[in-house]
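# Observations on the model geometry
So you can see what is in the structure, the chains are spelled out below.
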Amino acid sequence: MRTDTHKPWNWLLFPFSSVKATPYGVYAGSVGYGVYEIDGNSNWDKLGQGLPDSASVHRLQLQHEHLHACTSKGLYEWTGEQWENDGLSLPCYQYRNIGGARYAATDNGLWMRTGSKWGLLACEGKRIYDFINLPQYVIVAHETGISLYDRFMDEWAEFEMERRVSSLAVFRGHLIGASDEGELLVGDKQGRFDRITFGGKFIFSVTTRGKNVYVCTDQGLFSLAYVADRLVLMSVKLGFPVTDVDVLGERLYMATLFQGVQSIEI
(Lines give C-alpha, C1' and ligand atoms only; values in the text may rest on other atoms or scores of the structure.)
Protein backbone atom coordinates (compact mmCIF):
# COMPACT_ATOMS: atom_id res chain seq x y z
CA MET A 1 0.00 0.00 0.00
CA ARG A 2 1.46 3.39 -1.02
CA THR A 3 0.48 6.38 1.09
CA ASP A 4 -0.31 9.71 -0.56
CA THR A 5 -2.08 11.99 1.90
CA HIS A 6 -3.09 15.63 1.53
CA LYS A 7 -4.07 18.23 4.09
CA PRO A 8 -7.11 20.07 2.70
CA TRP A 9 -8.21 23.62 3.35
CA ASN A 10 -9.28 24.22 7.03
CA TRP A 11 -8.06 20.72 7.86
CA LEU A 12 -7.62 21.52 11.57
CA LEU A 13 -11.00 23.16 12.09
CA PHE A 14 -13.53 20.59 10.97
CA PRO A 15 -14.29 17.22 12.59
CA PHE A 16 -15.57 15.14 9.69
CA SER A 17 -18.13 12.39 10.26
CA SER A 18 -18.74 10.90 6.80
CA VAL A 19 -17.19 10.66 3.34
CA LYS A 20 -18.44 9.54 -0.08
CA ALA A 21 -16.23 9.22 -3.17
CA THR A 22 -17.47 9.56 -6.77
CA PRO A 23 -15.71 9.74 -10.15
CA TYR A 24 -16.43 13.49 -10.13
CA GLY A 25 -15.28 14.37 -6.63
CA VAL A 26 -15.53 13.60 -2.93
CA TYR A 27 -18.31 14.63 -0.53
CA ALA A 28 -17.56 15.08 3.16
CA GLY A 29 -20.01 15.67 6.01
CA SER A 30 -18.98 17.44 9.20
CA VAL A 31 -20.18 17.78 12.77
CA GLY A 32 -21.95 21.14 12.77
CA TYR A 33 -20.19 22.68 9.75
CA GLY A 34 -22.17 21.30 6.81
CA VAL A 35 -21.26 19.29 3.73
CA TYR A 36 -18.33 19.93 1.41
CA GLU A 37 -17.46 18.84 -2.11
CA ILE A 38 -13.83 18.31 -3.13
CA ASP A 39 -13.05 18.19 -6.86
CA GLY A 40 -10.17 16.41 -8.55
CA ASN A 41 -7.90 19.43 -8.00
CA SER A 42 -8.52 19.46 -4.23
CA ASN A 43 -10.72 22.56 -4.50
CA TRP A 44 -13.36 22.75 -1.78
CA ASP A 45 -16.91 24.04 -2.08
CA LYS A 46 -19.46 24.12 0.73
CA LEU A 47 -22.86 22.70 -0.21
CA GLY A 48 -24.75 24.84 2.26
CA GLN A 49 -27.88 26.10 0.52
CA GLY A 50 -30.99 24.69 2.23
CA LEU A 51 -29.23 22.84 5.04
CA PRO A 52 -29.80 24.26 8.56
CA ASP A 53 -26.65 25.94 9.85
CA SER A 54 -26.77 24.04 13.13
CA ALA A 55 -27.25 20.61 11.53
CA SER A 56 -24.68 17.93 12.32
CA VAL A 57 -24.21 15.38 9.55
CA HIS A 58 -24.26 11.85 10.94
CA ARG A 59 -23.88 10.06 7.59
CA LEU A 60 -23.83 10.74 3.89
CA GLN A 61 -25.32 8.24 1.46
CA LEU A 62 -24.89 8.24 -2.31
CA GLN A 63 -27.23 5.81 -4.05
CA HIS A 64 -28.65 5.85 -7.58
CA GLU A 65 -26.71 9.12 -8.11
CA HIS A 66 -28.68 10.83 -5.32
CA LEU A 67 -26.76 12.31 -2.39
CA HIS A 68 -28.53 12.24 0.98
CA ALA A 69 -27.42 13.75 4.28
CA CYS A 70 -28.63 12.12 7.50
CA THR A 71 -28.55 15.00 9.95
CA SER A 72 -29.61 16.09 13.42
CA LYS A 73 -32.32 18.17 11.70
CA GLY A 74 -33.72 15.45 9.43
CA LEU A 75 -33.05 13.75 6.10
CA TYR A 76 -31.97 15.96 3.19
CA GLU A 77 -31.35 15.34 -0.51
CA TRP A 78 -28.98 17.39 -2.68
CA THR A 79 -30.67 18.54 -5.91
CA GLY A 80 -27.48 19.81 -7.53
CA GLU A 81 -28.19 23.36 -6.40
CA GLN A 82 -29.56 23.08 -2.88
CA TRP A 83 -30.57 20.72 -0.09
CA GLU A 84 -34.24 19.79 0.21
CA ASN A 85 -35.83 17.99 3.13
CA ASP A 86 -36.86 14.50 1.99
CA GLY A 87 -39.97 14.38 4.15
CA LEU A 88 -38.41 13.43 7.47
CA SER A 89 -37.68 16.09 10.08
CA LEU A 90 -36.69 13.61 12.80
CA PRO A 91 -32.98 13.34 13.57
CA CYS A 92 -31.70 10.76 11.06
CA TYR A 93 -28.68 8.46 11.36
CA GLN A 94 -28.81 6.19 8.30
CA TYR A 95 -30.56 6.05 4.91
CA ARG A 96 -30.73 3.46 2.16
CA ASN A 97 -32.68 2.95 -1.06
CA ILE A 98 -33.25 -0.79 -1.49
CA GLY A 99 -35.30 -2.18 -4.35
CA GLY A 100 -37.19 1.07 -4.85
CA ALA A 101 -38.12 1.35 -1.17
CA ARG A 102 -36.43 3.96 1.01
CA TYR A 103 -35.46 3.28 4.61
CA ALA A 104 -34.30 5.72 7.28
CA ALA A 105 -33.01 5.17 10.80
CA THR A 106 -34.27 7.94 13.07
CA ASP A 107 -34.63 9.13 16.65
CA ASN A 108 -37.98 7.32 16.71
CA GLY A 109 -37.68 3.98 14.97
CA LEU A 110 -37.03 2.68 11.46
CA TRP A 111 -39.08 4.41 8.75
CA MET A 112 -39.94 3.30 5.23
CA ARG A 113 -41.11 5.17 2.14
CA THR A 114 -42.53 3.43 -0.93
CA GLY A 115 -44.49 6.31 -2.43
CA SER A 116 -44.74 9.95 -1.46
CA LYS A 117 -45.03 9.47 2.30
CA TRP A 118 -42.92 8.02 5.07
CA GLY A 119 -44.37 5.55 7.56
CA LEU A 120 -43.01 4.03 10.76
CA LEU A 121 -41.90 0.46 10.02
CA ALA A 122 -40.40 -0.87 13.25
CA CYS A 123 -38.87 -0.16 16.66
CA GLU A 124 -41.13 2.71 17.65
CA GLY A 125 -39.67 4.74 20.50
CA LYS A 126 -36.10 3.54 19.92
CA ARG A 127 -33.26 5.61 18.51
CA ILE A 128 -31.97 3.69 15.49
CA TYR A 129 -28.39 4.17 14.34
CA ASP A 130 -27.98 1.62 11.55
CA PHE A 131 -29.71 -1.31 9.84
CA ILE A 132 -29.03 -4.14 7.42
CA ASN A 133 -31.69 -5.45 5.03
CA LEU A 134 -31.01 -9.11 4.14
CA PRO A 135 -33.20 -11.54 2.16
CA GLN A 136 -34.44 -13.25 5.34
CA TYR A 137 -33.69 -10.68 8.03
CA VAL A 138 -33.90 -7.02 8.88
CA ILE A 139 -31.26 -6.22 11.51
CA VAL A 140 -31.52 -2.97 13.43
CA ALA A 141 -28.88 -1.34 15.65
CA HIS A 142 -30.33 0.92 18.33
CA GLU A 143 -29.77 2.64 21.66
CA THR A 144 -29.97 -0.52 23.80
CA GLY A 145 -28.71 -3.27 21.48
CA ILE A 146 -29.83 -5.07 18.33
CA SER A 147 -33.25 -6.13 17.04
CA LEU A 148 -33.66 -8.80 14.36
CA TYR A 149 -36.77 -9.40 12.26
CA ASP A 150 -37.17 -12.84 10.65
CA ARG A 151 -39.29 -12.43 7.53
CA PHE A 152 -39.97 -16.18 7.23
CA MET A 153 -41.16 -16.51 10.83
CA ASP A 154 -42.67 -13.00 11.01
CA GLU A 155 -41.05 -12.57 14.42
CA TRP A 156 -38.74 -10.11 16.15
CA ALA A 157 -35.84 -11.17 18.34
CA GLU A 158 -34.36 -8.67 20.79
CA PHE A 159 -30.72 -8.67 21.90
CA GLU A 160 -30.48 -6.20 24.75
CA MET A 161 -26.85 -5.30 25.48
CA GLU A 162 -27.11 -2.15 27.60
CA ARG A 163 -25.05 -0.53 24.85
CA ARG A 164 -25.77 1.82 21.99
CA VAL A 165 -24.87 -0.01 18.79
CA SER A 166 -23.79 2.59 16.27
CA SER A 167 -23.09 0.53 13.15
CA LEU A 168 -23.43 -2.95 11.67
CA ALA A 169 -21.64 -5.20 9.18
CA VAL A 170 -21.52 -8.88 8.24
CA PHE A 171 -18.11 -10.57 8.16
CA ARG A 172 -17.77 -14.23 7.14
CA GLY A 173 -21.33 -14.94 8.23
CA HIS A 174 -20.95 -13.23 11.61
CA LEU A 175 -22.92 -10.15 12.53
CA ILE A 176 -20.51 -7.41 13.60
CA GLY A 177 -21.36 -4.22 15.48
CA ALA A 178 -19.65 -1.26 17.12
CA SER A 179 -20.83 -0.06 20.53
CA ASP A 180 -20.67 3.31 22.25
CA GLU A 181 -18.15 1.76 24.66
CA GLY A 182 -15.65 1.38 21.83
CA GLU A 183 -16.07 -2.40 21.65
CA LEU A 184 -16.51 -4.73 18.73
CA LEU A 185 -19.63 -6.88 19.09
CA VAL A 186 -19.33 -10.24 17.32
CA GLY A 187 -22.29 -12.59 16.89
CA ASP A 188 -21.69 -16.32 17.34
CA LYS A 189 -24.53 -17.32 14.94
CA GLN A 190 -26.47 -18.74 17.91
CA GLY A 191 -27.97 -15.55 19.29
CA ARG A 192 -25.08 -14.52 21.53
CA PHE A 193 -22.57 -11.72 21.14
CA ASP A 194 -18.97 -11.46 22.30
CA ARG A 195 -17.62 -8.08 23.32
CA ILE A 196 -14.07 -7.66 22.08
CA THR A 197 -11.58 -4.87 22.74
CA PHE A 198 -8.28 -4.38 20.95
CA GLY A 199 -5.46 -2.98 23.04
CA GLY A 200 -7.15 0.22 24.18
CA LYS A 201 -8.42 1.20 20.74
CA PHE A 202 -11.81 2.91 20.77
CA ILE A 203 -13.91 1.70 17.85
CA PHE A 204 -16.14 4.38 16.32
CA SER A 205 -17.80 2.34 13.58
CA VAL A 206 -17.66 -0.63 11.23
CA THR A 207 -18.49 -0.38 7.56
CA THR A 208 -18.46 -2.70 4.54
CA ARG A 209 -16.74 -1.59 1.35
CA GLY A 210 -16.56 -4.24 -1.35
CA LYS A 211 -15.27 -7.46 0.19
CA ASN A 212 -13.70 -5.71 3.17
CA VAL A 213 -15.07 -4.70 6.55
CA TYR A 214 -13.26 -1.61 7.80
CA VAL A 215 -13.03 -0.61 11.45
CA CYS A 216 -12.71 3.11 12.21
CA THR A 217 -10.95 3.84 15.51
CA ASP A 218 -9.35 6.62 17.53
CA GLN A 219 -5.93 5.23 16.52
CA GLY A 220 -6.53 4.87 12.80
CA LEU A 221 -8.21 2.69 10.20
CA PHE A 222 -8.14 -1.12 10.26
CA SER A 223 -9.68 -4.00 8.33
CA LEU A 224 -11.10 -7.16 9.85
CA ALA A 225 -9.38 -10.49 9.26
CA TYR A 226 -9.22 -13.97 10.73
CA VAL A 227 -5.78 -15.31 11.67
CA ALA A 228 -5.71 -18.86 13.02
CA ASP A 229 -9.47 -18.68 13.72
CA ARG A 230 -8.96 -15.49 15.71
CA LEU A 231 -10.52 -12.17 14.75
CA VAL A 232 -7.83 -9.49 14.37
CA LEU A 233 -7.48 -5.91 13.17
CA MET A 234 -5.10 -5.36 10.26
CA SER A 235 -3.76 -1.81 10.06
CA VAL A 236 -4.62 0.24 6.99
CA LYS A 237 -3.65 3.75 8.13
CA LEU A 238 -2.47 4.74 11.61
CA GLY A 239 -1.83 8.03 13.34
CA PHE A 240 -5.16 9.83 13.58
CA PRO A 241 -8.81 9.13 14.52
CA VAL A 242 -10.84 7.92 11.52
CA THR A 243 -14.63 8.21 11.60
CA ASP A 244 -15.67 6.93 8.16
CA VAL A 245 -14.22 5.43 4.99
CA ASP A 246 -15.10 5.01 1.33
CA VAL A 247 -13.37 3.35 -1.61
CA LEU A 248 -13.32 4.33 -5.26
CA GLY A 249 -11.18 2.31 -7.65
CA GLU A 250 -7.72 1.99 -6.12
CA ARG A 251 -8.08 4.89 -3.68
CA LEU A 252 -9.42 4.85 -0.16
CA TYR A 253 -10.83 8.01 1.44
CA MET A 254 -11.04 8.64 5.17
CA ALA A 255 -13.03 11.17 7.17
CA THR A 256 -11.04 12.14 10.26
CA LEU A 257 -11.63 14.11 13.43
CA PHE A 258 -8.61 16.41 13.21
CA GLN A 259 -6.98 16.04 9.78
CA GLY A 260 -9.77 16.66 7.30
CA VAL A 261 -10.29 14.11 4.55
CA GLN A 262 -7.28 11.91 3.84
CA SER A 263 -6.73 9.51 0.96
CA ILE A 264 -4.34 6.65 0.25
CA GLU A 265 -3.75 4.32 -2.66
CA ILE A 266 -4.62 0.67 -2.00
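Attention here is on the structure that accompanies the text. (Residues numbered from 1 in each chain as written. Predicted model: local features only at pLDDT ≥ 70, side-chain atom pairs only at ≥ 80, totals over all residues. Heavy atoms only, no water.)

This part takes up the pattern of salt bridges. Counted by the stated rule, this structure contains 10 salt bridges. As a salt-bridge pair, D107 and R127 come within 2.6 Å of each other at their nearest N and O atoms. Highlighted residues: D107 in the loop between strand 11 (101-106) and strand 12 (109-113) and R127 in the loop between strand 13 (118-122) and strand 14 (128-133), separated in sequence by 20 residues. Note on D107: relative accessible area 23%, which makes it partly exposed. Connected through salt bridges with shared partners, the residues R59, R96 and D130 form a single ionic network. (Salt bridge = Lys/Arg side-chain N within 4 Å of Asp/Glu carboxyl O. Helix = DSSP H or I, 4+ residues; strand = E, 2+ residues; numbered from the N terminus. Buried < 20%, exposed > 50% of the residue type's maximum accessible area, 1.4 Å probe, protein only.)

Reading across the sheet, the 4 strands line up as 10-11-12-13 and stay open at both edges, with antiparallel pairing between neighbours. Edge strands, defined here as strands with exactly one partner in the open sheet, are strand 10 (92-98) and strand 13. When strand polarity is set aside, the average angle formed by the axes of neighbouring strands in this sheet is 25 degrees. (Pairing = 2+ DSSP bridges. Axes fitted to C-alpha atoms, helices over the stretch in contact; angles between N-to-C directions.)

A separate point is the layout of surface pockets. Computed from the structure, the largest pocket encloses a volume of approximately 1,000 Å³. Lining the largest pocket are 38 residues; nearest its centre among them are R59, S166, S167, F204 and S205. Among the elements of the structure, strand 2 (16-22), strand 6 (57-63), strand 10, strand 14, strand 18 (165-171), strand 22 (203-209) and strand 26 (242-248) are those that each provide at least two residues to the lining of the largest pocket. For the lining of the largest pocket, the leading source of residues is strand 22, giving 7 residues. In terms of residue class, the lining of the largest pocket is made up of 16 nonpolar, 13 polar and 9 charged. (1 Å grid on protein atoms, 1.4 Å probe; cavity = no way out; pocket = protein on both sides within 12 Å on 5 of 7 lines; lining within 4 Å. Points joined across faces, edges and corners; volume = space filled by probe spheres on them. Nonpolar A, V, L, I, M, F, W, Y, C, P; charged D, E, K, R; others polar.)

Overall, antiparallel pairing links the 4 strands, which are arranged 18-19-20-21 in an open sheet. Bordering the open sheet on either side are strand 18 and strand 21 (193-196), each of which pairs with just one other strand. With strand direction ignored, the average angle separating the axes of adjacent strands in the sheet is 25 degrees. In terms of strand pairing, strand 20 (residues 184-187) meets strand 21 through 4 bridges, oriented antiparallel. Counterpart to L185 in the pairing with strand 21 is R195.

Our next topic: the pairing of strand 15 (residues 137-142). Most of strand 15 is tucked away, with 5 of its 6 residues classed as buried. As judged from the 5 bridges shared by strand 14 and strand 15, these two strands associate in the antiparallel manner. Residue pairing for strand 15: N133 is matched across the bridge by V138. As consecutive antiparallel partners, strand 14 and strand 15 are separated by 3 residues. Bridging between strand 15 and strand 16 (residues 145-150) involves 6 bridges; their strand directions are antiparallel. Paired with Y137 across the bridge in strand 16 is D150.

Everything listed is a geometric property; what it means functionally is a separate question.
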